[in-house]
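Observations on chain architecture
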Protein chains: 2
Amino acid sequence: MTPGPRRVGRAEPAPIFSALGDPTRLQLVDRLVRGGPQSITRLSRGFPYTRQAITKHLRVLEDAGLVRGMRRGRERHWKLEATRIDVARRYLDHVSSQWDAALDRLKRFVEE
Amino acid sequence: MTPGPRRVGRAEPAPIFSALGDPTRLQLVDRLVRGGPQSITRLSRGFPYTRQAITKHLRVLEDAGLVRGMRRGRERHWKLEATRIDVARRYLDHVSSQWDAALDRLKRFVEE
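Reading the values: rules and limits
- Residues numbered from 1 in each chain as written.
- Chains lettered and ligands numbered in written order.
- Predicted model: local features only at pLDDT ≥ 70, side-chain atom pairs only at ≥ 80, totals over all residues.
- Heavy atoms only, no water.
- Contact = heavy atoms within 4.5 Å.
- Buried area = accessible area lost by both parts, 1.4 Å probe.
- Salt bridge = Lys/Arg side-chain N within 4 Å of Asp/Glu carboxyl O.
- Least-squares fit on C-alpha atoms with pLDDT ≥ 70 in both.
- Pairing = 2+ DSSP bridges.
- Helix = DSSP H or I, 4+ residues; strand = E, 2+ residues; numbered from the N terminus.
- Axes fitted to C-alpha atoms, helices over the stretch in contact; angles between N-to-C directions.
- Parallel < 35°, antiparallel > 145°, perpendicular 65-115°, else oblique.
- Nonpolar A, V, L, I, M, F, W, Y, C, P; charged D, E, K, R; others polar.
- Phe/Tyr/Trp six-rings, centres within 6.5 Å; stacked < 30°, edge-to-face > 60°.
- Lys NZ or Arg CZ within 6 Å of the ring centre and 35° of its normal.
- Expected span 1.5 Å × (residues − 1).
- Buried < 20%, exposed > 50% of the residue type's maximum accessible area, 1.4 Å probe, protein only.
- Polar contact = N/O pair within 3.5 Å; in protein donor to acceptor, adjacent residues only side chain to side chain.

**Examining the interface of chain A and chain B**
With 39 residues of chain A at the interface, the matching set in chain B holds 40 residues. Of all residues in chain A, Val33, Leu92 and Trp99 of chain A give up the largest surface area on contact with chain B, accounting jointly for 16% of the area buried on that side. Taken together, the connections running from chain A to chain B amount to two salt bridges. Salt-bridge contacts for arginine 89 of chain B lead to aspartate 93 of chain A; the nearest nitrogen and oxygen are separated by 2.9 Å.

**A closer look at the relation of the copies chain A and chain B**
With an RMSD of 0.0 Å, chain A superimposes on chain B once it is rotated by 180° and translated 0.0 Å along the axis. In the structure described here, the two chain copies are related by an operation that fits a two-fold rotation axis. When you check the interface residues of chain A against chain B, 100% turn up at the interface there too, and the contact is symmetric in its surfaces.

**Points about the pairing of strand β2 (residues 67-72) of chain B**
Each regular strand carries side chains that alternate between the two faces of the sheet. Residues and elements named next belong to chain B. As paired strands, β2 and strand β3 (residues 75-80) are joined by six bridges and run antiparallel to one another. If you follow arginine 72 over to β3, its bridge partner there is glutamate 75. Between β2 and β3, which pair antiparallel one after the other, the connecting turn spans two residues, and glycine 73 there sits at a positive phi close to 65°.

**Concerning the pairing of β3 of chain B**
Direction of pairing for strand β1 (residues 38-39) of chain B relative to β3 of chain B: antiparallel, over a ladder of two bridges. Across the sheet, residue glutamine 38 of chain B finds its bridge partner in β3 of chain B, namely tryptophan 78 of chain B.

**Looking at the packing of helix α3 (residues 23-35) of chain A against helix α6 (residues 82-111) of chain B**
Axis angle and axis distance: for two packed helices, these are the angle between their axes and the distance between the axes, and together they describe the pair. The contact between α3 of chain A and α6 of chain B brings their axes to 8 Å, and the two run at 25°. Accordingly, the angle class assigned to the pair α3 of chain A and α6 of chain B is roughly parallel. Counting all contacts with α3 of chain A, which are made through Leu26, Val29, Asp30, Val33 and Arg34 of chain A, the residues of α6 of chain B involved are Tyr91, His94, Val95, Gln98, Trp99, Ala102 and Arg105 of chain B. Across the contact of α3 of chain A with α6 of chain B, the residue classes tally to seven nonpolar, two polar and three charged.

**A few points about the sheet that holds strand β2 (residues 67-72) of chain A**
Strand order in this open sheet of three strands is β1-β3-β2 (chain A), and the pairing throughout is antiparallel. Both outer strands of the open sheet, β1 (38-39) and β2 of chain A, are each paired with one neighbouring strand and no more.

**Things to note about the packing of aromatic side chains**
By the definition in use, this model includes five aromatic pairs over all chains. Following the ring pairs from residue to residue traces out a cluster consisting of Phe17 and Tyr91 of chain A together with Phe17 and Tyr91 of chain B. Its guanidinium or amino end placed over the ring of tryptophan 78 of chain A, arginine 76 of chain A lies 5.5 Å from that ring's centre, counting from NZ or CZ.

**Focus on helix α3 (residues 23-35) of chain B**
Residues and elements named next belong to chain B. With 13 residues, α3 extends 18 Å from end C-alpha to end C-alpha; this agrees with the ideal 18 Å at 1.5 Å per step. In terms of residue burial, α3 counts as a mostly covered element, since 10 of its 13 residues are buried. Of the positions making up α3, those classed as buried are Thr24, Arg25, Leu26, Gln27, Leu28, Val29, Asp30, Arg31, Leu32 and Val33. N-capping of α3 is provided by aspartate 22, with a side-chain oxygen placed 2.9 Å from the backbone N of threonine 24. Following α3 by one or two positions, glycine 36 has its phi on the positive side, about 70°.

Structure below.
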């Protein structure tokens, strides 16, 4: 069985998961979802990292389509792209529902 | 604002996301959820990678608690740990519901 084109869609969330695979980036996502679009100055507050390090994390999230940078006044502001979170969510929902279906089949098999 | 202990729970799914952040590993998860516990021989079938490469990917998934290796007969079998998928799912559900709540607040603010 060779991985066919049908699988491409399945693999598509990989870059999103990869970008979310870091505690600092999860905290940035958390701040953006709770605080709305905000500047790098506000986003960096309280982190034991330099602005440069935070910017690097934001670029990783941006490459995965999870955040977007916008020019607003003097400073670049960042906003969350919630639709990309949904791509990852839908993938995990799909895995879970397949898992539940497999358990149901096993249960029926045992009962019959 | 210093990241407090409350945030530890939020950051906890990071290793799970990191492990899911690779197309081959997503395909392995997909095979395990559809085919149930299976040997490395069966899991490797159709992949353009060596058994060693597949085993390495399985170890990454194992370190994140997403799969478990079991001795069964001559060969090690691997099974999915669906509860860990749920940890990641719950995190994304939490982000989405916070996002929806933020949009609602914004809508009320604009309307008032």
